[in-house]
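# Coordinates in review
Spelled out, the chains give:
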Amino acid sequence: MERRLAAIVCADVAGYSRMMGADEAGTHATFKAHRSAIYPIILNHGGRLVKNTGDGFLVEFPSIVEAIESAVAMQALMAERNDHLPADRVMQFRMGVHMGDVIADEDEVFGDGVNVAVRLEAIAVPGGVAVSAKAYHEASKHLSATLVDAGSHRLKNIEEPVHVWTWDPGGSDTSGREPKNTSNLPAQYRTAIVGVLPFANLSDSADEYFSDGLTEDLIHALSLQSFYRVLSRNSTFSFKGKSLSARLIAREIDATYLIQGSVRRAGTKIRVTAELIAPENGEQLWAGRYDRDIGDLFAMQDEITTSLSAALAPEIYRAEASAPARSSSTDLTAWDRFLRGLSHYYKHTKADFEASIDLCREAIALDPALSIARAYLATIMVQGVQYGWIKSTSQLWTEAMSLAESSVRLDPRSSFAFAILSYVHAMDGNYEAAMEAAKRAVKLNPDDMGARGVLGIAHLVIGEHRQAIELFSTAVQRGNSDPRYKWAALNAFSHYLVGQYDASLSWAREALYLNPNHLQVLAVRAAALAQLGRAEEAAKAAQVLLGNFPGLTVERHLRNFRWKTPEDIAHYRDGLLKAGVPFTKLTLVESASMRTA
């Protein structure tokens, strides 16, 4: 066991038991959604989630300033999210912040430092933050938020009165769009066909226009994806008001997946529910609920459409990847080979990456015009290099660029193809081309959170790290779980480069949960620990890095980090050297064509 000084944030939901009694499943789902939305804030401030409780969580921070700023930022975001909810669904956290001695035992923390934070949370107002005077006076000169002196309080099971400072939030046109299918896949490859059924209007008939408009907008947003085909409005609106089974409708319109939902209006509030189903077996693949204040009606409709599209598209990709081959012949088509490659890619292991690459190559050989296979192959190759699973050579990067460029030529309306082109340009130091391709991807599909995140990469490589962090965090908060995008690893680098090493470590920890041997993340973790002066931990992290990648040197690692700003390269080099990663190996002779991750 270890004793150390730590900043602790404790949170719970006000009135949680009452809400669970009224709607157990809905309350739990809402709580999880809020918790996922605020989690990036914790990581951005260098926090470590110690544990989730039934109705809250406990977080440890190395800095009391970051702990208080994080608590305030989380409550500010919660205030925004609650502003869209009907009164009976508003969920408010209470948060307590304290700095004191804790006892660390494995991943848990105990002691008075934790106990005081728990008691402070109990006296915080719903939506507010209660901070001990000890914590406040240590941090006050560096805080951007304004706290109010709330006097002394007797806290349960705490012997001495605690002086408290507090913060609360009180102190602080789509109708002309015409949906159309933009997929350039030949008809025989449009295996996944998605039908969006008219959303049911559960209010009076005067609100019918809104449910119909939302359905049309969602058809438009999903049709911007190039992976599957979305049936037109005319195909699905003919079933409006008819009581037919999903399986019967799907067979009539030849749909692989159906999306259905409802809209309910109560005063100035709107509730939208939606679900993605596989109609042949009736399996529910995804379900979501959105509660919003009407406000600017069209803006609200756009926001719901974006959220629905961002959530649904990756789920359709995932379902297709796990679907059995649809070819009736033992001689698989190019499309079936691509889908098999995709299923291996989603397993995310070194062996599966290798199998995925082989299958994508076979698909392209059978059909050189299969754009999406080219985009995925480029993605898998680049990620494999970053993980340290695939040897990086100039030939590999030349091939990745060729694949990305040809994918765009073959499918010029694919936001994914342009995003991959942007990424390869960014890694090759073509900054203007990277930014141009990323902006094109976002313009092609404003609802594609992946494209917005890749725009963040374009900002990262030219040194605009604050913009990058904002875009990466937005992509995370949208719940984008598609493995094509590694926001945690990118956030680790962005925070390192602005000197927020604790936040860099938090994001690195998050990335290593998914891939414990990620070369780049192991490296940036060692560098961040060294910059924090945690020499012993940095040396151990460097040993882990070199144990996994024995031939790695700083010179080799940085050879093709094509960041625009020399200061960024020097900053990263400094951290790696401080951690004990060797600069070079004099006996090692390398080909000039070699490129490292």
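Calculation notes
- Residues numbered from 1 in each chain as written.
- Predicted model: local features only at pLDDT ≥ 70, side-chain atom pairs only at ≥ 80, totals over all residues.
- Heavy atoms only, no water.
- Helix = DSSP H or I, 4+ residues; strand = E, 2+ residues; numbered from the N terminus.
- Buried < 20%, exposed > 50% of the residue type's maximum accessible area, 1.4 Å probe, protein only.
- Areas by Shrake-Rupley, 256 points an atom, 1.4 Å probe, with all protein chains shown as cover.
- Expected span 1.5 Å × (residues − 1).
- Axes fitted to C-alpha atoms, helices over the stretch in contact; angles between N-to-C directions.
- Parallel < 35°, antiparallel > 145°, perpendicular 65-115°, else oblique.
- Left-handed = near helix turned anticlockwise from the far one by under 90°.
- Contact = heavy atoms within 4.5 Å.
- 1 Å grid on protein atoms, 1.4 Å probe; cavity = no way out; pocket = protein on both sides within 12 Å on 5 of 7 lines; lining within 4 Å.
- Points joined across faces, edges and corners; volume = space filled by probe spheres on them.
- Nonpolar A, V, L, I, M, F, W, Y, C, P; charged D, E, K, R; others polar.
- Salt bridge = Lys/Arg side-chain N within 4 Å of Asp/Glu carboxyl O.
- Phe/Tyr/Trp six-rings, centres within 6.5 Å; stacked < 30°, edge-to-face > 60°.
- Pairing = 2+ DSSP bridges.
- Polar contact = N/O pair within 3.5 Å; in protein donor to acceptor, adjacent residues only side chain to side chain.
- Core = buried A, V, L, I, M, F, W, Y, C linked by side-chain atoms within 4.5 Å.

What follows is about the overall build of the protein. When helices and strands are counted, the protein shows 23 helices and 14 strands. Looking at the protein as a whole, 56% of its 597 residues are labelled buried. Looking at the protein as shown, the accessible area adds up to about 25300 Å², and 50% of this sits on carbon and sulfur atoms.

Between the first and last C-alpha of helix α23 (residues 566-579) there are 20 Å, a value that for 14 residues agrees with the 20 Å anticipated at 1.5 Å per step. Just beyond α23, the residue with positive phi is G580, at close to 100 degrees.

A few words on the packing of helix α20 (residues 519-531) against helix α21 (residues 535-548). Two numbers describe how α20 lies on α21: the axes approach to 8 Å, and their chain directions differ by 160 degrees. Taken together, α20 and α21 sit at an angle that is classed as roughly antiparallel. For the crossing formed where α20 meets α21, the hand is left-handed. Here L519, L522, A523, R525, A526, L529 and A530 of α20 come into contact with α21, specifically with E537, A538, A541, A542, V544, L545 and N548.

A word on the layout of surface pockets. As a volume, the second largest pocket reaches approximately 880 Å³. Along the walls of the second largest pocket sit 26 residues, with R4, R48, R509, R534 and E537 positioned nearest its centre. The set of elements that each furnish at least two residues to the lining of the second largest pocket consists of β1 (2-13), β2 (48-53), β3 (56-61), α19 (501-514), α20 and α21. Broken down by element, the residue count for the lining of the second largest pocket peaks at seven residues, all from α19. Along the lines of polarity and charge, the residues of the lining of the second largest pocket split into 12 nonpolar, two polar and 12 charged.

Looking at where A468 falls in the secondary structure, it is placed in helix α17 (residues 465-477). Residue class for A468 comes out buried when judged on its relative accessible area of 0%. Along the primary structure A468 and S494 are separated by 26 residues, whereas in three dimensions their C-alpha atoms are 7.0 Å apart. Sequence-distant contacts of A468, that is, excluding residues within four places in its chain, are made with G456, H459, L460 and S494.

Quick look at the pattern of salt bridges now. Side-chain pairs of opposite charge can arise where the charged atoms are in close proximity. Under the counting rule described, the total for this entry stands at 15 salt bridges. Ionic pairing is found between E121 and R94, a salt bridge with its closest N-O pair at 3.7 Å. Taken together, the positions of E121 in helix α4 (residues 112-123) and R94 in strand β4 (residues 93-105) put the pair 27 residues apart, joining distant regions of the chain. R562 is the partner of D428 in a salt bridge, and the nearest nitrogen-oxygen pair spans 3.8 Å. Taken together, the residues span a long stretch of sequence, with D428 in the loop between α14 (415-427) and α15 (431-444) and R562 in the loop between α22 (554-558) and α23 at a distance of 134 residues. Judged by relative accessible area, which is 28%, R562 ranks as partly exposed. If you follow the salt bridges from partner to partner, you end up with R4, R48 and E60 in one network.

The full count for this structure, using the stated rule, is 21 aromatic pairs. When the ring of Y345 is compared with that of Y376, the centres are 6.0 Å apart and the planes differ by 75 degrees; the resulting orientation is edge-to-face. With Y345 in helix α10 (residues 334-345) and Y376 in helix α12 (residues 371-387), this pair connects stretches of sequence that are 31 residues apart. The exposure class of Y376 is buried, given its relative accessible area of 0%. Pairing Y496 with Y572 gives two aromatic rings, centres 5.9 Å apart and planes at 75 degrees, and the pair type is edge-to-face. Of this pair, Y496 sits in helix α18 (residues 487-497) while Y572 is found in helix α23, placing the two residues 76 residues apart along the sequence. Take Y496: its relative accessible area is 0%, and that puts it in the buried class.

Once that is clear, we can look at the pairing of strand β14 (residues 283-293). Looking along a regular strand, one sees the side chains alternate between the two faces of the sheet. With 10 bridges connecting them, strand β13 (residues 269-278) and β14 associate as antiparallel partners. Looking at the pairing, A278 lines up with E283 of β14. Joining the antiparallel neighbours β13 and β14 is a turn of four residues, in which G282 adopts a positive phi near 75 degrees.

An α-helical turn contains 3.6 residues, so a residue and the one three or four places further along point in the same direction. The terminal C-alpha atoms of helix α3 (residues 64-82) lie 27 Å apart, and with 19 residues this matches the ideal 27 Å at 1.5 Å per residue to within 8%. The backbone nitrogen of V65 has a side-chain oxygen 3.3 Å away, supplied by the residue at the start of α3, namely S63.

In this structure, H348 is a non-glycine residue whose phi angle is positive, near 55 degrees. Here H348 is to be found in the loop between α10 and α11 (350-366).

Membership of the largest hydrophobic core comes to 131 residues, with the highest contact counts inside it found for F199, Y228, I259, L308, F338, W563 and Y572. Apart from the residues lying within four places of it in its own chain, the contact partners of Y572 are F493, Y496, Q520, A523, V524, A527, H557, L558, F561 and W563. Within the second largest apolar cluster, 39 residues are counted, among which are V13, F61, M91 and V131.

Note that G575 resides in helix α23. For G575, a relative accessible area of 0% translates into the label buried. Distance from G575 to A528, taken between C-alpha atoms, is 6.5 Å for residues 47 residues apart in sequence. Excluding anything up to four places from it in sequence, G575 contacts Y496, A526, A527, A530 and Q531.

Next up on the list: the pairing of β1. Pairing between β1 and β4: 12 bridges, direction antiparallel. Each bridged residue has a counterpart across the sheet, and for E2 the counterpart in β4 is A104. As defined by bridge partners, β1 adjoins β3 across six bridges and the pair is classed as antiparallel. Looking across to β3, one finds that C10 is bridged to L58.

Our focus in this paragraph is the packing of α14 against α15. Two elements in contact, α14 and α15, have axes whose closest approach is 8 Å; the angle formed by their N-to-C orientations is 165 degrees. Classified by the angle between their axes, α14 and α15 sit roughly antiparallel to one another. Two packed elements cross with a definite hand, and for α14 against α15 that hand is left-handed. Mapping the contact onto sequence places S415, F418, A419, L421, S422, H425 and A426 in α14 and A433, A434, A437, A438, R440, A441 and L444 in α15. Residue composition of the contact of α14 with α15, grouped by class: 10 nonpolar, three polar and one charged.

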